[in-house]
Every structure is written in C-alpha cells, then in structure tokens.
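Each chain, written out:
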Amino acid sequence: MLEGMFRNFCGILSSCVLLLSGTLHGFTVQKNAYSNGIVAYVANHVITEQQVEGGIALTTGGNTLAPEVKDELRTEVRNALIEKKIIAKEFERMKGQLPESYVQKKYEEVEARFDNDPLKLMEALHRQGKSKTSYKAWIREEAIVSCMYERNVHKPNSVSPLDIQNYYQTHPEKFIRGRQFDIDQIMVKKEDTDTISSIQACLKKECSYEAHCQDLSQIPGINFSHMEAINESEVLPIIVEKITALPIGSFSSVELDEQIIFLGLRNIREARTLSLCEVRESIEQTLLSERHQKLRQEWLDRLKQKVYCIIL
C-alpha cells in the first residue's frame, strides 16, 4: 500500500512528519520510528540511526564534534546512504549482477592488511559495528555505486579558454596569494645548552648569510631546515612577528614552550594576485570537477523520481 502511494513521489523530501492515521511498516507515528532507530525509508529498504552513526564514526575517526557540526555531518551521511540505496535500486531494476568472486577478492584484500588473521579483522569490524556479512554487503554496494556512476555519468574532458578566463575574472578573491617566507630554521631543546652555545657562537661570526647556514648545518646533532614559500597563515603568530622584524639575510631566535627556535630570513614574498597563466590549470580542473559533479547530480535526480523515499 505504501509503495503504491509514493511510487511517483518526485525527489527526496527534506523532512516529512509522518502523522498518518494508519500504519507504516508497523510504526504508527514518527516517534515510534525513531525509537526503533529508523531515519529514512528508500523503496523497500530502511536507513537506521546505527548506520548513520557508523558513517559519522568512519568520517571523523571517532573524534568528538561540536553538536552543530555533528548535526550537519549526520545529514550529509544520511543523504549519502539514501543516494546509495537509490542507485542500488536502479542497478537492481536493470538486472545488474556483481560477481560474488569480486566481493570475496576485495574482502580478502582487506583481510591481508590484518596479517590474514580473520579474528583481527572481525575485531576491527566489530569496533565499527559491522559483521562479516554486513561488511561484504558494504563492499558490494560501494562497487555498484562506483560502477553505475562510471557507466551513466561521463567525465567532461575539456574547458574552453573563454570559460577559464570568465572564471578568473569573476572569482578574483580565489587568486590572491598571501605573504610567504623563505626561511631557515633550527629547533633545539632549552636543556641542550651546549648546542645552543655552539649556534650562538656561530651566529656571532661576521660572515655572509650563506656562510652562516653552512656552518650551522655542520653542528653535530642539529636539524637544519630550509623552507621556501611558507604561507604566513601556516606560521604561528609569534613566529610571524619575529620573522617580519628581521632584516633579510639575518638570524634571530624565539622561545617556544620547551624549545628555542633559531630563524633565518632569506626572503619575504609579498601578497599578490596570481596571474591567469599561473592559475589556468587549477581553474580548468575546478571547472571540470564542477561540471562532472553537476552531471552526477542530474543523473541522481532523475533516479530519485523513480523511487519513493521518506526521511523521518
């Protein structure tokens, strides 16, 4: 009965309060559906809260998230699960087949990463709330989704020069490169007084910057690092303050926690707008990716019109 009611339902509802007078697969109201851990119905499948939580755990590695961030991620994971079910339904409608040998091969490849020890793999799956059967089902579904996208959505392979130029002109903020530094760095523990003394004695010599670097690199036990084009945004504020106060071709030091950092400034590259020539390839890849994603979404939207879907 429910399938007949929603067979021609167009698209996925962003929300739907099911306060129906009848029953829905045994659940009379939304509250009961949630109490059973069901967050969505897709054709003859259900998406459970446990599946969503499992997807969140895989995405975050189990790290704690702020409530608003987790809510946003929960929606993304839920929608991704729904889309996979819709694609799998289309694969089923087309009478597609995926050899069981493929699934078994992929499972064995994962097992090999656990020293071919089935128990170790099972323990890892258990921590993710999966069994061998459910993990194989996941492998199967991922393969089907990948295959269906590749078969039905062709990747664009070219972008016109005019499109690239228009993108460059309409997104100027994307091509502003912040200030960058070319620096040399030595990090020494404060307790290593002998090494600190050797570095300080070396820097007191009156010689060229390159000669200082050569002498410093030969001090036993130090890690002399040369870094080019380091973005200011990637450097600690206390380091930025020290660097910008240095004349080019000179050294200074800064204390940080239990370490002393000796810094040498080779050059400062001021912020500027990158030229079209410098960013042409990057823009081309961005436009190709956007167009491919648009084609994927258009294909998926067409599939959604064939399948009833209710989000609780």
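Keep in mind the model is a prediction, meaning the values are calculated, not measured. (Residues numbered from 1 in each chain as written. Predicted model: local features only at pLDDT ≥ 70, side-chain atom pairs only at ≥ 80, totals over all residues. Heavy atoms only, no water.)

> I tried to follow helix H4 (residues 67-93) on my own but got confused; where do I start?
Residues spaced three or four apart along an α-helix point in a common direction, a consequence of the helix completing one turn every 3.6 residues. With 27 residues, H4 should cover 39 Å at 1.5 Å per step; its first-to-last C-alpha distance of 39 Å lies within 8% of that length. Along H4, the residues that are buried comprise Leu73, Val77, Arg78, Leu81, Ile82, Lys84, Lys85, Ile86, Ile87, Ala88, Glu90 and Phe91. For H4, the elements touching its buried residues are strand S1 (38-42), strand S2 (45-48), helix H3 (49-60), helix H7 (132-152), helix H12 (276-304) and strand S9 (309-311). Phi turns positive, to about 60 degrees, at Lys95, one or two residues after H4. (Helix = DSSP H or I, 4+ residues; strand = E, 2+ residues; numbered from the N terminus. Expected span 1.5 Å × (residues − 1). Buried < 20%, exposed > 50% of the residue type's maximum accessible area, 1.4 Å probe, protein only. Contact = heavy atoms within 4.5 Å.)

> Looking at this model, I keep getting lost on the layout of surface pockets. Mind explaining?
A probe matching the size of a water molecule, rolled over the atoms, marks out where space remains unfilled. If you add up the space inside the largest pocket, you get close to 670 Å³. Along the wall of the largest pocket there are 23 residues; nearest its centre are Gln51, Gly55, Leu81, Lys130 and Trp138. Among the elements of the structure, H3, H4 and H7 are those that each provide at least two residues to the lining of the largest pocket. Element by element, the count of residues in the lining of the largest pocket is highest for H4, at seven residues. Of the residues that constitute the lining of the largest pocket, the class distribution is seven nonpolar, 10 polar and six charged. Forming the boundary of the second largest pocket are 15 residues, of which Val110, Arg113, Tyr135, Trp138 and Ile139 lie nearest the centre. Elements supplying a minimum of two residues to the lining of the second largest pocket: helix H5 (100-112), helix H6 (118-127) and H7. (1 Å grid on protein atoms, 1.4 Å probe; cavity = no way out; pocket = protein on both sides within 12 Å on 5 of 7 lines; lining within 4 Å. Points joined across faces, edges and corners; volume = space filled by probe spheres on them. Nonpolar A, V, L, I, M, F, W, Y, C, P; charged D, E, K, R; others polar.)

> In this structure, what is going on with H3? I would like to understand it.
With 12 residues, H3 extends 16 Å between its outermost C-alpha atoms, agreeing within 8% with the 16 Å of an ideal straight helix rising 1.5 Å per residue. Buried residues belonging to H3 abut S1, S2 and H4. Gly61, located one to two residues past H3, shows a positive phi value of around 70 degrees.

This is a description of form; function is not addressed.
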